[in-house]
Amino acid sequence: MNRFPQIRPAALDPAHQNWWVRDGLRPETHRLQIAGHDAEQLLRHVDRPLFAYDLDRVEANYMRLHDAFARHGHPFQVFFAVKANRFRPIVETLRATGVAGIDAASPREVLYALEMGFPAEKITFTNVSVSHRDIEQLKGLPIMLNCDSLSVINKVADVDPGRAIGLRINPQVGVGINDNLTYAGQRATKFGIYLDRLPEALELIQKRGLRLQGLHMHVGCGWTGSAITQYFQAVDRLTAIARQVIDTHGPLEYLNFGGGLGVPLTAGDGSVDVNLYAEGIVERVRQLGLGIKVCVEPGDYIVKDSGVLLSEVVMVEEKGGTEFVGVNTGFNVHTGASHYGLYQEFVHSTRADFGPEKNVTIVGNINEVIDVFAADRPMPLIEEGDVLAMLNAGGYGASMMMEHCLREPAMQVGLSQKGNPFAQRFDF
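Residues numbered from 1 in each chain as written. Predicted model: local features only at pLDDT ≥ 70, side-chain atom pairs only at ≥ 80, totals over all residues. Heavy atoms only, no water.

A.B. asks: Could you give me a rundown of the packing of helix H9 (residues 228-249) against helix H10 (residues 274-286), with the residues and numbers involved?
C.D. replies: The angle between the axes and the distance between the axes are what describe a pair of packed helices. Contact geometry of H9 with H10 gives a least axis separation of 10 Å together with a crossing angle of 20°. For the element pair H9 / H10, the angle class is roughly parallel. Along this stretch, H9 crosses H10, giving a crossing that reads as right-handed. Along the contact surface, H9 presents Ile228, Tyr231, Phe232, Val235, Asp236 and Thr239, while H10 presents Leu276, Tyr277, Gly280, Ile281, Arg284 and Val285. (Axes fitted to C-alpha atoms, helices over the stretch in contact; angles between N-to-C directions. Helix = DSSP H or I, 4+ residues; strand = E, 2+ residues; numbered from the N terminus. Parallel < 35°, antiparallel > 145°, perpendicular 65-115°, else oblique. Left-handed = near helix turned anticlockwise from the far one by under 90°. Contact = heavy atoms within 4.5 Å.)

A.B. asks: Help me get a handle on the pattern of salt bridges, residues and values and all.
C.D. replies: As enumerated under the stated definition, the model contains 18 salt bridges in all. Taking the shortest distance from any N to any O, the salt bridge between aspartate 305 and arginine 57 comes out at 2.8 Å. One end of the pair, aspartate 305, is in the loop between helix H11 (300-303) and strand S14 (307-319); the other, arginine 57, is in helix H3 (residues 55-70), with 248 residues separating them in the sequence. A residue is classified by how much of its surface remains accessible, and aspartate 305, at 14% relative accessible area, is buried. Of the charged contacts, one joins arginine 286 and glutamate 283 as a salt bridge, the two residues approaching to 3.1 Å between their closest N and O atoms. Of the two residues, arginine 286 and glutamate 283 both sit in helix H10, three residues apart, roughly one turn of that helix. (Salt bridge = Lys/Arg side-chain N within 4 Å of Asp/Glu carboxyl O. Buried < 20%, exposed > 50% of the residue type's maximum accessible area, 1.4 Å probe, protein only.)

A.B. asks: Describe the packing of aromatic side chains, with residues and values.
C.D. replies: Under the counting rule described, the total for this entry stands at nine aromatic pairs. Ring geometry for tyrosine 231 versus phenylalanine 232: centroids 6.1 Å apart, planes at 50°, classification tilted. Judged on exposure class, the residue tyrosine 231 and its partner phenylalanine 232 are both buried. What links up through ring pairs into an aromatic cluster is the set Phe69, Phe76, Trp223, Tyr231, Phe232 and Tyr277. The residue whose ring lies beneath arginine 284 is phenylalanine 232, and the NZ or CZ to ring-centre distance is 4.4 Å. (Phe/Tyr/Trp six-rings, centres within 6.5 Å; stacked < 30°, edge-to-face > 60°. Lys NZ or Arg CZ within 6 Å of the ring centre and 35° of its normal.)

A.B. asks: Could you give an account of the environment of valine 263, with specific residues and numbers?
C.D. replies: Residue placement: valine 263 occurs in the loop between strand S12 (254-256) and H10. In sequence terms valine 263 and methionine 402 are 139 residues apart; their C-alpha atoms lie 25 Å from each other. If near-sequence neighbours (up to four positions away) are discounted, valine 263 is found in contact with Thr224, Asp300, Tyr301, Lys304, Asp305 and Asn392.

A.B. asks: Before we move on, can you summarise the layout of surface pockets with the specific residues and values?
C.D. replies: The computed volume of the second largest pocket comes to approximately 350 Å³. Per-element accounting of the lining of the second largest pocket gives the leading share, three residues, to H3. (1 Å grid on protein atoms, 1.4 Å probe; cavity = no way out; pocket = protein on both sides within 12 Å on 5 of 7 lines; lining within 4 Å. Points joined across faces, edges and corners; volume = space filled by probe spheres on them.)

A.B. asks: Residue-level account of empty space enclosed by the protein, with values.
C.D. replies: Scanning the entire structure with this criterion turns up two cavities of 30 Å³ or more. Its volume calculated, the largest cavity comes out at about 70 Å³. In terms of lining residues, the largest cavity is bounded by ten residues, among which Ile177, Gly222, Leu265, Asp300 and Lys304 are the most central. Considering only enclosed or pocket space, the second largest cavity measures out at about 30 Å³ in volume. Every residue along the wall of the second largest cavity is listed here: Leu309, Ser311, Val327, Thr329, Phe346, Phe373 and Met390.

A.B. asks: Explain the nonpolar core residue by residue, including any values.
C.D. replies: By size, the foremost hydrophobic cluster in this structure holds 110 residues, and its most contacted members are Phe69, Leu167, Tyr231, Phe257, Tyr277 and Ile281. Sorting elements by how many residues they give to this core places H9 first, with ten residues. In this structure, tyrosine 231 is in contact with Val175, Met217, Val219, Trp223, Phe257, Gly259, Tyr277 and Ile281, ignoring residues within four places of it in sequence. Formed by 22 residues, the second largest nonpolar core is a distinct cluster that contains Leu25, Leu43, Val387 and Val413. (Core = buried A, V, L, I, M, F, W, Y, C linked by side-chain atoms within 4.5 Å.)

A.B. asks: Any details on the side chain of serine 338? Residues and values, ideally.
C.D. replies: Residue placement: serine 338 occurs in helix H12 (residues 336-340). Only 2.8 Å separates the side chain of serine 338 from the side chain of histidine 339, close enough to count as a polar contact. (Polar contact = N/O pair within 3.5 Å; in protein donor to acceptor, adjacent residues only side chain to side chain.)

A.B. asks: Go over unusual backbone geometry with me, naming the residues and quoting the values.
C.D. replies: Positive phi is not limited to glycine here, since histidine 30 has a value of about 75°. When you line up the elements, histidine 30 lands in the loop between strand S1 (25-28) and strand S2 (31-34). Assessed through its relative accessible area of 28%, histidine 30 is described here as partly exposed. Even without being glycine, tyrosine 396 reaches a positive phi, approximately 55°. Here tyrosine 396 is to be found in the loop between strand S19 (387-390) and strand S20 (411-415).

Structure follows, in structure tokens:
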């Protein structure tokens, strides 16, 4: 039943109002549908905020990228950065493809991937500030282990002598959606071995009896559209370094170009051309002429647009000339806006195709001034008790949940219109 029969949708600009519509995410008779399920009704099944994931979208995103590389007939592996989202139905969906690998950023993520049925040969591990205990937990596992510093090289030699390792290189060319998510470039960061210390690292590998297996880079997160040109500058830098290393220290088995591919967050954002992305990497590696395996490890590209965070409106009130809309969750559940400065698109669950009525500021229930999801955002009429949907919530949301202020975490559910056997599981 329509609670507001007198309200009618305003005239829409499809290029902006409905830019996010796709298979599995669209309005039907004004109500937002997620993988064929009514968004508002999904939230009414639980007593707290809810992450709803379209598992069909997860699989499609992964396979689109996998197929872009596969058509070139060159050795490759697409890993999923599991730190982006470790919800079991998502990881199970990727494992069921039979081709996905896992990029892990901690020993526990490595062990989780093994528990989920991924073979060690399809797991890569890269991290910073690695301890002896970390290496001890990975000892003997035939994973790709990328060393981020000279310190890690020494620790690996101490704990697991003679093993093959990779080197994470900082190519000093970075690209990200903003400075918060750029890992390399002019500003020094903690990530990777800088070029002035690369000779020292290579010498240390030989001195400590390790074997260099590959090179790795990760230059930033969330880039889209035309930023691929800048990304290819980093690819050129790594392949040039690889040539020098091959000439002086022998062949390499792989080059890992990291992740970082983003998805459109606003109507004006361009999508990543994954065919251009794959072709640009493969052709550059082929010029080395050695059949080196190409590896990439995206997270957001695979899961970000698969997830929607549903929350209930618990406050609508004008304060100091601003209309505040308060929801029953906060940055303890999703840190994209508060911590990374990301734009988060909101859709009214029962007025999903209505035009804006007024500008509002959408805030959470955490007692901190940074707990703002969207400032001065044009939205349809919103009243207490309504349900709002935050789009592009599938990456770095639930995997980063915390209990600040002892606020409760969100529930999670996987959805499917194609009979995915891992769907319909509600979990924390």
